[in-house]
Amino acid sequence: MKHAQRRTAPRLAPYAFVTPAIILYALVLLIPIGYTIYLSLEKTQVSGLGLGAGARRQVFAGLGNYSSAITDQAFDSSLLRVAIYSLILVPVMLGLALLFALLLDARRVRFQRFSRLSIFLPYAVPTVIATLLWGFLYLPTVSPFPTILAKFGLSMPNLFTTNLALLSVANVGVWGGTGFNMIVMYTALRAVPSELYEAARIDGASQAQIALRIKIPMIAPALVLTGVFSLITTLQVFNEPETLLPLTNTISQGWMPLMRVYNLAFDENNSYEAAALAVIIAAVMFAGSFFLLRVSNKRVFQGR
Amino acid sequence: MKLVNPRRRMRATAIAGVALAALVAAGCSSGGSSSTAASGGSSSSSSTASGQKVTLTFWTWVPNMNKVVAIWNKAHPDIQVQVQTQAGGDQELTKLLTAAKAGNPPDLAQVEYQVLPTLVTNNYLANIAQYDGGLKSDFPAGNWNQVTLGTGNLYGVPQDAAPMALFYRADLFKKYGLTVPTTWAQFAADATKLHSEAPSVFLGSFSAVDPGEFAGLTQQAGAQWWSASGSTWTVGINDATSQKVASYWQGLLASGGVDNQPQWTPAWNKGMNDGKYIAWVSDVWAPSDFPTTAPAGAGKWQMTELPQWTAGQNVAGNWGGSSTGVMAASKHQQAAAQFAAWLNTDPTATAALVSDGGIYPADTAAEAALSAPPSYFSNQPNFWTLAKQYAAAAANVTWGPDVNVAYTEFQTAFGSAAASKGSFLSPLTAVQSAVVSDMKKSGFTVAAG
C-alpha cells in the first residue's frame, strides 16, 4: 500500500509540467485548426432579396464548400501554377545554393568572407521590398534595362506575359532564397571531417571528384532538409505575386492558392469556402512533406 | 471599384513610398516584417446618456478629412469625431467586413455606393432614416436611391456624385490633328488616326484592374447589371448592351490605338505625365488624382463630356462615388447620424470637402462652393459647371449584393484577356456566371438577365 502510493506521486508531476505546453498548443494550434474545419462546413443562407435584418444566416453546408473548391477553376489553375512554380524555383535555387556552397568550401577562394556575405545579403532584404525592386526593374518604362539594352541594339522582352510572369516571380524567389540555403549547406560542409578529403587526395581524387563523391553525399541530410523547407515555403508563395499584382494584368487576384484563399475570405467575404481551401492546401502540403521525408529517410538516413 | 482615391493608385503610391523607405533603410534592414500597424476601430467611449462626451471613430480615405472634421470638433465639444484614414475603397471594405464580423467596427465609415448593398445584406449598416430621412430633398434622386436601395430605410448620407467624363491633352490633340470626340465612333476614329501617326502614343489605356470604370461605361450604354423585383434578383452583366461595350474596347485594344496597361501603376503614371497617353476616360474626381499622377500636365489636360453612343445624347456613367454610413454596431447611432448629415449638407463642411478633399459633393445646395476650378484645371474656369451638367445626366444604377465578387472576377478574367488582347466576350460571360453562381450559393433567388 505504502509502496503503491509512492509510485503515483511522481507520475502526476510530468503531467503538471507538460500542462502549460499542452494548453498553449491547444490554444494557438488545435482550436484554430478545429475552428477552420468547422467554418469550412458552414455557409451563409440568404432569404428573399437579402436586405432586411436577419436575412442572412449561417447554416450547415456539409461538404458543399469542398466540392465547389475542387470544381473552382481559378483554384485548380492556381494549384497547377504553384506546382510549376516550385518545379522551377526549388531546383534552381538549391542548385545555385549548392554550387555557391561548394565553391566557397573549395580551398583556394579569395574574398571568401565577402562572397559569403554578399550571397547571403539578399535574404536579409524583406520579401516585399525585394519584390518591389524587381517589379520596378521589370516594367520597361521605369526600368533602366531598356536603355542599357538599346545601346547594344537589343530590346527588353515583356517580362509579364502569361508565360514569363511565372519565371519573373520565381526569379525574385531565387534571388532572395539562395543565400539562406547556401549558408545551411556551407555549414554542413564545414562539419565534414577533413581526414576524408586528405584520404581522397592521397587516392588521387580531383576537386570535382571530391565534391561529387564525398561532399554532396556527406551533406545529403542538409540537402533534404533545405529541399523540404524550400518546397513548403514555395507552395505558400503569397508576398511576391501579391506585391506584383498591381503592376500587371497577368497576375490576377487568385493567381496562387494562398492568394485565392485571401481573395475569397476578404475580397469576396466568403470565409467558409476560404476555410475549405485552407484545409485542402494544408492537407496537400502535409501529405507532400510526409511523403518526401519518408522517401528521403529511407535513402539518406538509412544505415546511420 | 474606386472612388476618390482608387485602390490601385493607393497601392501604387504605397509602393512608391515603401520603395523609397526601402532605399533609405536598405543598409540596416534585417529581414524583419515591414507591415505598418493597422489597428482596428478602437471602440468609442461607452457613455450613452445625452450630454455626456461621446467620441466617434470614422473610417475614410478622402484626403485631408481631418481638416474638415476639425471644424465639427470645434463646434461640437460633446461629440468628438476621430478620423482613421484608410488606404482606399477596396481595402476599407475588406477591413470593414472583417471588423464588423468581429464586432468592433468604427462608428462611421465612408461607403462606396456599389458596396452598400453588400454591407446592408450583411446587416452591418444602421438604418438612419429616423435621423436623416428628411435630407432627401438635398440630393439628386439617383444618389438618394443608391443609399435607400429603393426602400423606406436609409443606410447612409450621400457624399459625392461621380459622373464619368473624358480628359484629354488639348495641346497634343492639336499636335496630332485630332478632334475632341463627342461620340464613341469619333473616339475610335481618333484612336485609329493617332495609331497611324504616332504608334507609341495612345488614346488612353483599357485598365482591367478597374471594373468600376467598365461598369460605368456599360451604365452609360444603358446596361443594368443588377435589378430586383419582388424577391428575385436579375443579373444582366453579359446582356447585349454590355457585350457591345466590351466588343468596342476589345476592338480599340486590338487596333493598337489604346494600350492595355493597368491604371495607377508606375508605368501608367509615367505615360500620363510624359504624353504617352493623351486621353483618359475618367471621372469628375480626377482633379484629386492628376497632381500626383501627371504633375507636368497641369493646365494641359482638359475635361469634356464622355463620348456618347448616339450623337446628340447626354448620358454619363458612374464610377465610384460614396456615402457616409453609420455602422449597426455603433453605440451612438444618433450622434453619428447627426455628424453624417452635417458633413454632407452643411455649407461649411461641403466647401471644405471640395477645397481640402477635392471631391464633387452630392448635395445639390453645395454648388456655391464650386465656383473656382480645381487648381490643376485653372485653364477650365467652368470645370464645376460642366461637372454639374454631367452629374445631372448620370445614369441610374442599382447595385447588387455581391459587387465585390463581380469585380474580383472581372479583374481576373479581363486581366488575361487584356494581356493577350483576346476576346472580351468570354470574360464578360465569366463575370456573369461567377456572380450568378455566388448568389445562388448564398440562397438568393436569381434570374439571369
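Predicted, not measured: the structure shown is a model, and the values here were computed from it. (Residues numbered from 1 in each chain as written. Chains lettered and ligands numbered in written order. Predicted model: local features only at pLDDT ≥ 70, side-chain atom pairs only at ≥ 80, totals over all residues.)

Description of the overall build of chain B
For chain B, the helix and strand inventory stands at 17 helices and eleven strands. With 449 residues in all, chain B has 55% of them scored as buried. (Helix = DSSP H or I, 4+ residues; strand = E, 2+ residues; numbered from the N terminus. Buried ≥ 20, exposed ≤ 12 C-beta atoms within 10 Å, placed from the backbone.)

Regarding the overall build of chain A
Secondary structure summary: chain A contains 13 helices and two strands in total. For 304 residues, the compact-globule formula gives about 19 Å, and the C-alpha radius of gyration of chain A, at 26 Å, lies well above that figure. For chain A, buried positions account for 35% of its 304 residues. In chain A, the proportion of contacts linking residues at least 24 apart, taken out of those at least 6 apart, comes to 68%. (Rg over C-alpha atoms; globule rule 2.2 N^0.38 Å. Contact = placed C-beta atoms within 7 Å.)

A few points about the domain arrangement of chain A
Residues and elements named next belong to chain A. Examined at the domain level, chain A breaks down into domain 1 (13-62) and domain 2 (72-301). Inter-centroid distance (C-alpha atoms) of domain 1 to domain 2 is 34 Å. Contacts between the two partners involve seven residues from domain 1, matched on the other side by six residues from domain 2. Elements with a minimum of two residues in the side of domain 1 that touches domain 2: helix 1 (2-40) and strand 1 (42-46). Here the side of domain 1 that touches domain 2 gets four residues from one element, more than from any other, and that element is helix 1. Broken down by class, the residue content of the side of domain 1 that touches domain 2 amounts to three nonpolar, two polar and two charged. (Domains from an automatic or database assignment. Nonpolar A, V, L, I, M, F, W, Y, C, P; charged D, E, K, R; others polar.)

Observations regarding the nonpolar core
Judged by nonpolar contacts, the single largest core of 195 residues is most densely connected at M185(A) and F339(B). What F339(B) contacts, discounting residues up to four positions off in sequence, is L56(B), W72(B), I79(B), V81(B) and L108(B). (Core = buried A, V, L, I, M, F, W, Y, C linked by C-beta atoms within 7 Å.)

Here we look at the packing of helix 9 (residues 211-221) of chain B against helix 10 (residues 240-255) of chain B
Residue and element names in this part refer to chain B. Orientation of helix 9 relative to helix 10, taken along the N-to-C sense of each, is 120 degrees, at an axis distance of 9 Å. With respect to helix 10, the element helix 9 is oriented oblique. Of the two elements, helix 9 crosses helix 10, and the hand of that crossing is right-handed. For the pair helix 9 and helix 10, contact is made by L217, T218 and A221 and by T241, S242, K244 and V245, respectively. Taken together, the residues that form the contact of helix 9 with helix 10 break down as three nonpolar, three polar and one charged. (Axes fitted to C-alpha atoms, helices over the stretch in contact; angles between N-to-C directions. Parallel < 35°, antiparallel > 145°, perpendicular 65-115°, else oblique. Left-handed = near helix turned anticlockwise from the far one by under 90°.)

Digging into the pairing of strand 6 (residues 226-229) of chain B
Residue and element names in this part refer to chain B. Alternating residues of strand 6 divide into W226 and A228, all buried, and S227 and S229, none buried. The sheet contact formed by strand 6 and strand 7 (residues 232-235) spans four bridges and is antiparallel. What sits directly across from W226, in strand 7, is V235. Counted along the chain from strand 6 to the antiparallel partner strand 7, the turn is two residues long, and its residue G230 has a positive phi close to 60 degrees. (Pairing = 2+ DSSP bridges.)

Here's the deal with helix 2 (residues 65-75) of chain B
Looking only at helix 2 of chain B, the buried set comprises M65(B), V68(B), V69(B) and W72(B). The buried residues of helix 2 of chain B occupy one face: seen down the axis, they fall within an arc of 95 degrees. (Arc of directions from axis to C-beta.)

A look at the interface of chain A and chain B
Reports of interface size often rely on the accessible area that becomes lost once the parts have come together. Counting residues at the interface gives 38 residues for chain A, matched by 47 residues for chain B. Mapped onto the side of chain A that touches chain B, the elements with two or more residues apiece are strand 1, helix 4 (112-124), helix 5 (127-138) and helix 12 (257-267) of chain A. No other element matches the four residues that helix 5 of chain A contributes to the side of chain A that touches chain B. Split into classes, the residues belonging to the side of chain A that touches chain B amount to 19 nonpolar, 16 polar and three charged.

Regarding the sheet that holds strand 3 (residues 108-112) of chain B
Residues and elements named next belong to chain B. Here we have five strands laid out as an open sheet, ordered 2-1-3-10-4, and mixed in their pairing. Since the sheet does not close on itself, it has two edges, and those belong to strand 2 (79-85) and strand 4 (157-158), each with one partner. Taken together, the seven bridges between strand 1 (residues 54-60) and strand 2 define a ladder with parallel strand orientation. Directly across from F58, in strand 2, lies its bridge partner V83. Set on the sheet, helix 2 makes contact with strand 1 and strand 2; between it and strand 2 the angle comes to about 175 degrees.

Some words on the environment of Y138(A)
All names here are of chain A. Position of Y138 among the secondary structure elements: in helix 5. Taking the C-alpha atoms as reference points, Y138 and L51, 87 residues apart in sequence, are found 46 Å from one another. Residues in contact with Y138, not counting those within four places in the same chain, are S143, L159, F160 and S168.

A closer look at the sheet that holds strand 8 (residues 279-283) of chain B
Residues and elements named next belong to chain B. An order of 8-5-9 is seen for the three strands of this open sheet, with the pairing classed as antiparallel. Every other strand in the sheet has two partners, leaving strand 8 and strand 9 (301-304) as the edge strands with one partner each. When the angles between neighbouring strand axes are averaged without regard to direction, this sheet yields 30 degrees. Here strand 5 (residues 164-169) pairs with strand 9 via four bridges, running antiparallel. Bridged to L166 within strand 9 is T304.

Points about helix 10 of chain B
All names here are of chain B. Helix length check: helix 10 (16 residues) gives 22 Å between terminal C-alpha atoms against 22 Å at 1.5 Å per residue, within 8%. Along helix 10, the positions that sit buried rather than exposed are S242, V245, A246, W249, Q250, L252 and L253. In an axial view of helix 10, the angular spread of the buried residues amounts to 160 degrees, which keeps them on one side of the axis. The inward-facing, buried residues of helix 10 contact helix 8 (184-197), helix 9, helix 16 (403-420) and helix 17 (425-442). In the stretch just after helix 10, G256 is the one whose phi turns positive, near 90 degrees. (Expected span 1.5 Å × (residues − 1).)

Notes on the packing of helix 16 of chain B against helix 17 of chain B
Residues and elements named next belong to chain B. Where helix 16 contacts helix 17, the two axes come as close as 9 Å, and the packing angle between them is 155 degrees. With respect to helix 17, the element helix 16 is oriented roughly antiparallel. The element helix 16 and its partner helix 17 pack so that their crossing is right-handed. Residue-level inspection shows V405, A406, E409, F410, A413, F414 and A417 of helix 16 in contact with helix 17, the latter providing P427, A430, V431, A434, V435 and D438.

Overview of the domain arrangement of chain B
Residue and element names in this part refer to chain B. Here the domain parsing of chain B yields domain 1 (44-155 + 322-361) and domain 2 (164-318 + 397-448). Just the C-alpha atoms count here: the centres of domain 1 and domain 2 sit 29 Å apart. At four residues, the largest contribution of residues to the side of domain 1 that touches domain 2 is made by helix 4 (residues 116-121). By residue class, the composition of the side of domain 1 that touches domain 2 is eight nonpolar, five polar and no charged.

Considerations on the environment of L253(B)
All names here are of chain B. For L253, the location among the structural elements is in helix 10. What makes L253 buried here is the crowd of 21 C-beta atoms within 10 Å. In this structure the C-alpha to C-alpha distance between L253 and W225, which are 28 residues apart in sequence, comes to 24 Å. Sequence-distant contacts of L253, that is, excluding residues within four places in its chain, are made with F206, V258, N260, A418 and K421.

So, the environment of G443(B)
If you trace the backbone, G443(B) turns up in the loop between helix 17 and strand 11 (445-448). We classify G443(B) as partly exposed; it has 18 C-beta atoms within 10 Å. For G443(B), the residues in contact, after removing those within four places along its chain, are Q45(A), V46(A) and S47(A).

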